[in-house]
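Next come the chains, spelled out residue by residue.
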Amino acid sequence: MQSIQIRTPAHSCAVDITENVAAKLNDISASDGICLIYTPHTTAGLAINEGADPNVMDDVLKSLETIVPWQGHYKHNEGNSAAHIKAILTGGSIQVIVDSGKLVLGTWEKIFLLEFDGPRTRKIFVQFLGGR
């Protein structure tokens, strides 16, 4: 298993980690299989979506803020319930097919770490499942 550390720059943001993940596959000489990407944080998520136009992820973050506003009638004492809810909605893991050592993503697709309670240093685990 490989790990990546990412320092997120803002309270709520989408950080493109595609090249970080691809580099980990290169480090282990992965061939064909599945890449499992997981973040062990309850206030961050992972997603695959368009990376060509940064407005897409801005729209996603704004929409999540509309659905789950930071200020609300939450009971959680730490004051970050909205971040926990957004992390549940987006999920903490994704899988990507690996073919000949390369991530199989669509033309515009990128892998994003979604920060909902930053800025923070986040850990992401990368596990390759398959042949070498």
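Just above, that's the structure.
All of the points below concern the structure found in this document.

Calculation criteria
- Residues numbered from 1 in each chain as written.
- Predicted model: local features only at pLDDT ≥ 70, side-chain atom pairs only at ≥ 80, totals over all residues.
- Heavy atoms only, no water.
- Salt bridge = Lys/Arg side-chain N within 4 Å of Asp/Glu carboxyl O.
- Buried < 20%, exposed > 50% of the residue type's maximum accessible area, 1.4 Å probe, protein only.
- Pairing = 2+ DSSP bridges.
- Helix = DSSP H or I, 4+ residues; strand = E, 2+ residues; numbered from the N terminus.

1. Observations concerning the pattern of salt bridges
Consideration 1: One pass over the full model with this rule turns up three salt bridges.
Consideration 2: As a salt-bridge pair, Asp-117 and Arg-120 come within 2.8 Å of each other at their nearest N and O atoms.
Consideration 3: Given a relative accessible area of 10%, Asp-117 falls into the buried group.

2. Describing the pairing of strand 3 (residues 33-38)
Consideration 1: Sheet topology note: the strand 3/strand 5 (residues 93-99) ladder contains six bridges and is antiparallel. Across the sheet, the residue bridging to Tyr-38 is Ser-93, located in strand 5.
Consideration 2: In terms of strand pairing, strand 3 meets strand 8 (residues 121-130) through six bridges, oriented antiparallel. Of the residues in strand 8, the one forming a bridge with Cys-35 is Phe-128.

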